[in-house]
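Listed below, chain by chain, are the residues.
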Amino acid sequence: MCARMMRLTLSSALLVLMLAAPLEGPAAQARDVDLQLVLAVDSSGSVNYREFQLQAVGIARALRDPEVIEAIERWTPNGIAVSVVHWSGRRQQLVAVDWIMAGDRASLQSLASSIEGMGRSMLGETAIGDMLGFAIGHFERGRFRAARRVVDVSGDGRSNAGVVPGPLRDAAAAAGITVNGLAILNDDLAVDLYYAEHVIGGPDAFVVTAADYGDFARAMRLKLLREIRGAPLG
């Protein structure tokens, strides 16, 4: 790595740590939830519009799943807070669904509908490191406080633009934030190994694989169940 890129990467990691620091003073008033979850959805050039829609529908279907609803009601008595971020290249990150609290069937149905109806607004490179920096800072843009904070990264390719993801992943882990992955083996059959080595990190981090975009809903359901059941009881 060249000296300039290393300086940029270290600066980005330091920024992540500052953004992830606990809020103080009046602005720190926040509602307690058991899990705060950023769902980071791949909107890069390797994902066509049908595949993008399968991600949106897959998340919605997983949130409507009876076992997922039962797990949230049982394991997260204070509820969960969810936000959806679309990501692609450098400076291409968008909050598609801002922070929403969900804790029962009705609120999860509403959240699922919001996600299912979100449109696509970007197409570009694959900048996983830049996405991590944005997603981690996004935790402080909502007024929730959680015992567990998780970034879920779904994608079908390796980072090819922006800062490398490893230092951002490490900065997130140092702040107690878990980065999990949903690797879609659509084009790159080893992208799960890349996610395991370069993307995921933090407490109890893991990768779930989907064979293709048609398998996305199944993989998302399994991932949500594992994350929800790992959330501490209030």
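Residues numbered from 1 in each chain as written. Predicted model: local features only at pLDDT ≥ 70, side-chain atom pairs only at ≥ 80, totals over all residues. Heavy atoms only, no water.

### A word on helix α7 (residues 191-198)
Because an α-helix completes one turn every 3.6 residues, residues spaced three or four positions apart along the sequence face the same direction. Worth spelling out the cut-off: Exposed residues in this analysis have more than 50% of their type's maximum accessible area, buried residues have under 20%, and partly exposed residues fall in between, with area computed by a 1.4 Å probe over protein chains only. Each helix corresponds to a stretch of at least 4 residues labelled H or I by DSSP, and each strand to a stretch of at least 2 residues labelled E; elements are numbered beginning at the N terminus. Arc definition: directions from the helix axis to the C-beta atoms. Any two residues having at least one pair of non-hydrogen atoms within 4.5 Å are treated as being in contact.
Buried within α7 are the following residues: Val-191, Asp-192, Tyr-194 and Tyr-195. Within α7, the buried residues cover an arc of 160° as seen down the axis, which keeps them to one side. The exposed residues of α7 that point more than 90 degrees off its buried face are Leu-193 and Glu-197. For α7, the secondary structure elements touched by its buried residues are β2 (80-87), α5 (128-138), β4 (144-155), α6 (165-174), β5 (177-184) and β6 (207-210).

### Focus on the side chain of Asp-152
Counted only if it meets this: Polar contact is defined as a pair of N or O atoms within 3.5 Å, subject to the rule that within protein one atom must be able to donate a hydrogen and the other to accept it, and that residues adjacent in sequence are counted only when both atoms are side-chain atoms.
Along the polypeptide, Asp-152 turns up in strand β4. Of note is the side chain of Asp-152, whose polar atom sits 2.6 Å from the side chain of Lys-223. Ignoring sequence-local partners within four residues, the contact set of Asp-152 consists of Leu-37, Val-38, Leu-39, Ala-40, Asn-180, Lys-223 and Glu-227.

### Regarding helix α3 (residues 66-75)
Here α3 has its buried residues at Val-68, Ile-69, Ala-71 and Ile-72. Viewed end-on, α3 has its buried residues packed into an arc of 160°, placing them on one side of the element. Away from the buried face of α3 by more than 90 degrees, exposed residues Pro-66 and Arg-74 are located. On the buried face of α3, the contacting elements are α2 (49-64), β2, β3 (93-102), α4 (105-116) and α8 (216-230). The backbone nitrogen of Glu-67 lies 2.9 Å from a side-chain oxygen of the residue at the head of α3, namely Asp-65.

### Remarks on unusual backbone geometry
Positive phi is not limited to glycine here, since Arg-91 has a value of about 60°. Take Arg-91: it is sitting in the loop between β2 and β3. In this model, Asp-204 sits at a positive phi of 60°, which is unusual for a non-glycine residue. Examined against the element boundaries, Asp-204 turns out to sit in the loop between α7 and β6. Judged by its relative accessible area of 65%, Asp-204 is exposed.

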